[in-house]
Amino acid sequence: MSISKSKNLARKLSNIAEEATNELNHVCGSNLWESLGFRFFDQLENPEKIAKANFYYGQLQIINEIKFFI
């Protein structure tokens, strides 16, 4: 992969990670989930919020794994 493609991919992954982080902060009402991880999601009040939080947390995990190999 060329350097420019690699940089573009890293930038796109960072944008997706930022969006996922913002959504998690919104769903959870704070950024406390960053220090507690997915265990924090069990404390959310409804199943829809738990599902949404798990989805975005999963996105962040995948992004971190992809960044590891770039």
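Note that this is a predicted model, so its numbers are computed, not measured. (Residues numbered from 1 in each chain as written. Predicted model: local features only at pLDDT ≥ 70, side-chain atom pairs only at ≥ 80, totals over all residues. Heavy atoms only, no water.)

S.K.: Hey, could you run me through the environment of Gly29 in this one?
M.R.: Tracing the chain through its elements places Gly29 in the loop between helix H1 (3-28) and helix H2 (33-36). Spatially, the C-alpha atoms of Gly29 and Leu44 are 9.6 Å apart, while their sequence positions differ by 15 residues. (Helix = DSSP H or I, 4+ residues; strand = E, 2+ residues; numbered from the N terminus.)

S.K.: Please clarify how the environment of Ala20 should be interpreted in this entry.
M.R.: Its location among the elements puts Ala20 in helix H1. For the pair formed by Ala20 and Trp33, sequence separation is 13 residues and the distance between their alpha carbons is 12 Å. Discounting residues that sit within four places of it in the chain, Ala20 has contacts with Tyr56, Gln59 and Leu60. (Contact = heavy atoms within 4.5 Å.)

S.K.: Where do I start with the packing of aromatic side chains in this structure?
M.R.: Aromatic ring pairs are defined here through the distance separating the ring centres and the angle between the ring planes. One pass over the structure, following the stated rule, counts four aromatic pairs. Ring centres 5.2 Å apart and planes at 85 degrees place the aromatic pair Phe68 and Phe69 in the edge-to-face group. We note that Phe68, like Phe69, is exposed. A network of ring pairs unites the aromatic residues Trp33, Phe41 and Tyr57 as a single cluster. (Phe/Tyr/Trp six-rings, centres within 6.5 Å; stacked < 30°, edge-to-face > 60°. Buried < 20%, exposed > 50% of the residue type's maximum accessible area, 1.4 Å probe, protein only.)

S.K.: Looking at this structure, how should I read the pattern of salt bridges?
M.R.: Where charged atoms from two side chains of opposite charge approach closely, those side chains can pair. One pass over the structure, following the stated rule, counts two salt bridges. Measuring nitrogen to oxygen at the nearest pair gives 3.6 Å for the salt bridge that ties Lys52 to Glu23. Note that Lys52 is positioned in helix H3 (residues 47-69) and Glu23 in helix H1, a separation of 29 residues in sequence. The partly exposed category is assigned to Glu23, whose relative accessible area is 24%. Where Glu45 meets Lys49, a salt bridge forms, and the shortest distance between an N and an O atom there is 2.9 Å. (Salt bridge = Lys/Arg side-chain N within 4 Å of Asp/Glu carboxyl O.)

The analysis is restricted to geometry; functional conclusions fall outside its scope.
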